Each structure stands twice: as C-alpha cells, then as structure tokens.
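Structural description and commentary
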Amino acid sequence: MSVMPHEFYKRDTVEVAKDLLGCKLVRKTEGKTLSGIIVETEAYTQDDPACHAYRGETPRAATLFKHPGIAYVYFIYGMYNCFNAVAHPEGKAGGILIRALETVYAVKKTNGPGKLCKALNITRELNEIDLTNPASELYLEIGESVPENKIITTTRIGIKNGCDYLWRFYIKDNPYVSRK
DNA sequence: GATAAGATGTTA
DNA sequence: AACATCTTATCA
C-alpha cells in the first residue's frame, strides 16, 4: 500500500484522469476508514470552457491553480459537493472530477459525484487537503492498473460548454459507474 | 445589490 | 420532465 507522489499529478490532466481509474480512495472520518476503487473520472483543464478555471483565477477556482496532488471540493446545485483531484503540468491549472467508486467496505452507493461525497462525508472543509499524505483524512493510493481495453472514453455529463470533449473515463462493465 | 446558471440526484 | 435549493460569477 502506497500513495501516488506529487509527480503523478504533475502531468497532463487527461492522462492523470485515465491513470486514476483503478486507484484507491481512502477516507478517514469519525474514527472509521472508508475506501473504494475509482471507476469513473472526468478531466477539466484551464483551456476547457466547462472548467471553473477557464475564466482565470477566481476565488473558487484558485485551488485548481495550486500544487498538483491536493483536493478541490466545491458545492453545486444548492445541495451537493463534488470532489476533484488537482492535476496539471507546471504553470497550468486543472482537475479531475471523481464521479464513482467501487466500494470495498460497507459504504453507501457512490455512483455519482454528489452521492459519493455524501457517502464519504466529503465537504468543503477538505478543500486543498494533501492527497499524497497517508496521514490526511483523505488520500489516494496506488491500485490495480486497468488494461487499456477496459477503459471507455466518452463525453462528460451535465455540462453544455465543451460537451464534445471526450474526457470522461470509466471502467467497462463495472456496475458502480453512474448513468449506465 | 440583484440575477442567472450550474461538473446533480430524486421523484413522477 | 420537474424540482429541490444555494454558491459563484457577472453584471449594474
């Protein structure tokens, strides 16, 4: 069991999004440890009209410009949190929306970014937490690598701008992905 | 200070 | 297909 180093996140955002499939998300909360395998991701970069960082460094999007390997948690639609991993080459901005987990312990359904955060008790208090430190309440571990032919590439969900980008990735035939 | 839209999920 | 519900950004 070991975490991915900062260098893992300091690469092209789309590449990292693909590589995050099969990795393990660990969440320590209320004395318990919850974890699951990432089965669905979406990439968002600075040059992408759908990305929060597209229009520059606003107060909310500032996290996406910070050091790769930290968390970006934001609030949407009045009731849901969404969890992202910040990942981009030096001097750029970008993040990866974690959309679904395959649960390994008894965790509630996590097929969708809002439900995922609710199930793992992820809130904006965890914004900018270090995902490369096993002492964090939230971090990512190296998991099983997913063979290329099991990775499905498709369009992202729930956005109008940039909807033609093929930047959503999920594991083929996995029952835990959202919007089957 | 006001307003419109949003990386969603549930219900009908 | 409607709606619950509130932050953020973009105006004035």
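Let us look at the structure shown here.

Conventions adopted
Residues numbered from 1 in each chain as written. Chains lettered and ligands numbered in written order. Predicted model: local features only at pLDDT ≥ 70, side-chain atom pairs only at ≥ 80, totals over all residues. Heavy atoms only, no water. Helix = DSSP H or I, 4+ residues; strand = E, 2+ residues; numbered from the N terminus. Rg over C-alpha atoms; globule rule 2.2 N^0.38 Å. Buried < 20%, exposed > 50% of the residue type's maximum accessible area, 1.4 Å probe, protein only. Contact = heavy atoms within 4.5 Å. Areas by Shrake-Rupley, 256 points an atom, 1.4 Å probe, with all protein chains shown as cover. Lys, Arg positive; Asp, Glu negative; His and termini not counted. Charge placed at Lys NZ, Arg CZ, Asp CG, Glu CD. Patch = residues over 30% accessible without salt bridge, like charges linked within 9 Å, V, L, I, M, F, W, Y side chains within 5 Å. Salt bridge = Lys/Arg side-chain N within 4 Å of Asp/Glu carboxyl O. Near = heavy atom within 4 Å. Polar contact = N/O pair within 3.5 Å; in protein donor to acceptor, adjacent residues only side chain to side chain. Nonpolar A, V, L, I, M, F, W, Y, C, P; charged D, E, K, R; others polar. Pairing = 2+ DSSP bridges.

**Some points on the overall build of chain A**
Within chain A one finds four helices and eight strands. For chain A, whose C-alpha radius of gyration is 15 Å, the value lies close to the compact-globule estimate of 16 Å for 180 residues. In terms of overall dimensions, chain A has C-alpha extents of about 40 × 35 × 35 Å along its principal axes. Relative to its 180 residues, chain A shows a buried fraction of 51%. Counting only contacts in chain A whose residues sit at least 6 apart along the sequence, the fraction spanning at least 24 positions is 58%. For chain A, the exposed area adds up to about 8900 Å²; of that, 50% sits on carbon and sulfur atoms. Side chains of chain A carry 24 positive and 21 negative charges; the gap between the two charge centres is 8 Å.

**With respect to a nonpolar patch on the surface**
Judged by side-chain polarity, Tyr77, Met79 and Tyr80 come together as a nonpolar surface patch covering roughly 400 Å² of accessible area. Tracing the sequence through the fold places Tyr77 in the loop between β3 (71–76) and β4 (80–86).

**Thoughts on the protein's contact with DNA strand C**
Every residue lining DNA strand C is accounted for by Arg55, Thr58, Pro59, Arg60, Phe75, Tyr77, Gly78, Met79 and Arg124. The separation between a phosphate oxygen of DNA strand C and a polar side-chain atom of Thr58 is 2.4 Å.

**What about the environment of Lys160?**
You can see Lys160 is positioned in the loop between β7 (151–154) and β8 (168–171). Each C-alpha atom of the pair Lys160 and Ile122 lies 26 Å from the other, and the pair is 38 residues apart in sequence.

**Here we look at the protein's contact with DNA strand B**
Around DNA strand B, the surrounding shell holds 18 residues, and the nearest of these are Asn84, Gly112, Gly114, Ile159 and Lys160. The sugar-phosphate backbone supplies 58% of the atoms of DNA strand B found within 4 Å of the protein. Here a base nitrogen of DNA strand B sits 2.3 Å away from a polar atom, N or O, in the side chain of Asn84. Within the contact set of DNA strand B, a phosphate oxygen lies 3.3 Å away from a backbone nitrogen or oxygen of Lys115. Looking at the surface near DNA strand B, the elements that each hand over two or more residues are β3, β4, β5 (94–103) and α4 (113–119). At three residues, α4 tops the list of elements feeding residues into the surface near DNA strand B. Grouping the amino acids of the surface near DNA strand B by side-chain chemistry returns 10 nonpolar, five polar and three charged.

**Examining the side chain of Ser136**
Relative to the helices and strands, Ser136 is located in the loop between α4 and β6 (138–141). Given the relative accessible area of 9%, Ser136 is considered buried. A distance of 2.7 Å separates a polar atom in the side chain of Ser136 from the backbone oxygen of Asp130. Non-local contacts of Ser136, meaning those with residues more than four positions away in its chain, are made with Lys28, Ile129 and Asp130.

**With respect to the pairing of strand β1 (residues 24–29)**
Burial of β1 is extensive: five of the six residues sit out of reach of the surface. Sheet topology places β1 next to strand β2 (residues 32–45); six bridges connect them, and they run antiparallel. Paired with Leu25 across the strands is Gly36, a residue of β2. In textbook terms, the turn of a hairpin is the stretch between consecutive antiparallel strands, and for β1 and β2 this stretch comprises two residues, one of which, Glu30, has a positive phi near 50°.

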